[in-house]
Amino acid sequence: MRRIFNMGIEHKKARWGWFFVIPSLAFFAVFSFYPIMNAFYTSLFRKRLLDLRPPKFIGFANYEYLLKSPDFWNSVKATFIFTLGTFIPIVVFSLLLAVFIMSRRRFHKFFQMAYYSPAVLSSVVAAAIWLLIFDPRGLANTTMNTLLGTVGKDYKWLATSGMVRLSTILVYFWKYIGYFTIIFITGLASIPQSLHEAARIDGANGWKDFWHITLPLLKPTTVLVSIMSMLQCLKTFSTQYLFTQSGAPTEPINVITLNIYNTAIRDHNIGRASAMSIILFGIMLFFTWLQFRVSKSGGEVDY
Amino acid sequence: MKTIRKQSVVVDVLIWAFLIVTAIVILAPIVFMFTASLMPSKDILKMPYPWIPKDFYMDNYTQAIRGNDGSFIYPRNILNSFIVAGAVSLSTVLLSALTGYGLAKFPFKGRNLVFLLIMATMMIPFEAIMIPLYLVATSLKIQNSYVGLILPFMINAFGIFLMRQYLITFPDEIIDAARIDGSGEFSIFWRIILPNSAPAIATLAILTFRSQWDNLLWPLLISQSEEMKTIPLYIVKFAMEKHTNEGAMMAAAAIASIPILILFLALSKYFVSGASLHSSRKG
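Residues numbered from 1 in each chain as written. Chains lettered and ligands numbered in written order. Predicted model: local features only at pLDDT ≥ 70, side-chain atom pairs only at ≥ 80, totals over all residues.

### As for the domain arrangement of chain B
Residues and elements named next belong to chain B. One can read the domain layout of chain B as domain 1 (2-61) and domain 2 (65-278). Centre-to-centre separation of domain 1 and domain 2, based on C-alpha positions: 33 Å. Contacts between domain 1 and domain 2 engage eleven residues on the former and nine residues on the latter. Those elements giving two or more residues to the side of domain 1 that touches domain 2 turn out to be helix H1 (2-36), helix H2 (41-44) and helix H3 (59-66). Ranked by residues supplied to the side of domain 1 that touches domain 2, first place goes to H1 with three residues. Looking at the side of domain 1 that touches domain 2 residue by residue, the classes come out as eight nonpolar, three polar and no charged. (Domains from an automatic or database assignment. Contact = placed C-beta atoms within 7 Å. Helix = DSSP H or I, 4+ residues; strand = E, 2+ residues; numbered from the N terminus. Nonpolar A, V, L, I, M, F, W, Y, C, P; charged D, E, K, R; others polar.)

So this is what it looks like as structure tokens:
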């Protein structure tokens, strides 16, 4: 009797469980799984927006085209230059800032908030501010001239291809440095204070303590920050979009997302844009897989 | 002993200096935005930049709000941003809490698989599915509407993950006691689970609001008329117009930033916990 009663309750619970979960599943089916499958499907067709002819199945021809297209390889190059140029300095400096903040006894909160504040602003706002700073008569030139002792030199922030790449990297670095500093601070706070004290008693100075205690124990956080910031960089769009819209040369900062957008919306070539989307998805999937793998193998640290 | 102390004082001062200089450099562009928004253009591009506005020059704000064509569309776009970000936050919080609760407290066959499927959607970047989503929106005829702006963002996997982790430690006794008292499952969710998840809900709501406030790509695809544009689109358009001067551009940017900065100053705790929560996302 009791068994039956219990089964009844479990049955009921299972029904409610499904009931609570179904709306989300239905949502993801329509807005995540269907679109990604559709993107793959469409990438096998010659399909144009506003075209009355039915899409024509062409197998992997879109991919073949892209792999031979200098324009697409340029986008891959632009994306990787941006990503490497941004995420490595972000990891190094956010780690440094986090360690420095935590080494202070006071003002933790002030520094965290100050560094984090750019991340709160919209990316479009960030790009608009920096567009003015990079103006030939703007703050960037003034600052560089003062620092390097040059007089009235224009560093052409938005004109030459090397500089415009550097400019987008600077904007992103500025925007996200505080965000990752906070993640490092969370990681640092989870290292037991007793370990540092033990190291001090054994005669380690601050530098040795950092090198032999903090850094090894912070490895999982470092890996996490690296991959998160890398994924974030691979998806960059707003800064490049606003910069090119306001006249900066497109080629050096024509990142994959921008290329997808232009291929689909400006050139109406949905099939080719979908193939690009799938390639981007593949790249990001690889790094996400890496994140899961690394956080599984090295995620747990024994103190 | 003495030299060590001397050395550590120097290091101490250097670290303070580094932290303070970094704070100044990071805050400078934000200060630049606000001060430039109060200056006539000829002052903004003066070298060196005069950091303090001489008199509060409000014409920039008038121009930003009025628009170059005098259409006063910006207030409408701001309203749109509030509506979209607000609606998305509300639905994300409710649906994530519901699903997270279901996954945390109701054992059912296939629960792990469901959880895995939901987590898998985190690997799909929006940028890779925006074109098919755009085609879905066109076939549903919801482009250029609030429904179209809101619908694709109503739930997100991270929110479900967050709520599930939060609710997994919620005491079962309280839920069982409510059941014995005769409460229905929905009323337990509404009266007990939701009010007791306030910190997680606040964090999730703020994260969601901020990311929608920032959303450029999706509105760029589906908002065609000026009336349905959101703040980022207005700023892009306004910045490109010939008659927009530097001050007006910064005024438009400042207006876009004030609500979110107020939110940040008032609720910084949740912004910070939101950032550090991302780091606990281990699958």
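### Brief notes about the confidence of the model for chain B
All names here are of chain B. For chain B, the mean per-residue pLDDT works out to 89, and 95% of the residues sit at or above 70. Mean pLDDT across the elements of chain B bottoms out in helix H15 (residues 268-278) (78) and peaks in helix H7 (residues 146-150) (96). Reported for the predicted complex are a pTM of 0.89 and an ipTM of 0.89. (pLDDT = per-residue confidence, 0-100.)

### With respect to the domain arrangement of chain A
Residue and element names in this part refer to chain A. Assigned domains within chain A: domain 1 (2-42) and domain 2 (58-297). Taking only C-alpha atoms into account, the centre of domain 1 sits 37 Å from that of domain 2. Taken together, the four residues of domain 1 in the interface contact six residues of domain 2. Of the residues contributing to the side of domain 1 that touches domain 2, the split by class is three nonpolar, one polar and no charged.

### Concerning the environment of Ser268 of chain B
Looking at where Ser268 of chain B falls in the secondary structure, it is placed in helix H15. Along the chain, Ser268 of chain B and Ile188 of chain B lie 80 residues apart, while their C-alpha atoms are 31 Å from each other.

### A short note on the nonpolar core
In terms of nonpolar packing, the biggest core is built from 160 residues, with Ala128 and Ile129 of chain A together with Ile235, Ala252 and Ala253 of chain B touching the most fellow members. In this structure, Ile129 of chain A is in contact with Pro29, Phe32, Met33 and Ala253 of chain B, ignoring residues within four places of it in sequence. (Core = buried A, V, L, I, M, F, W, Y, C linked by C-beta atoms within 7 Å. Buried ≥ 20, exposed ≤ 12 C-beta atoms within 10 Å, placed from the backbone.)

### Structural notes on the interface of chain B and chain A
For an interface, size is often stated in terms of accessible area lost upon the parts coming together. At the interface, 73 residues of chain B touch 79 residues of chain A. In terms of residue count, the dominant contributor to the side of chain B that touches chain A is H1 of chain B (twelve residues).

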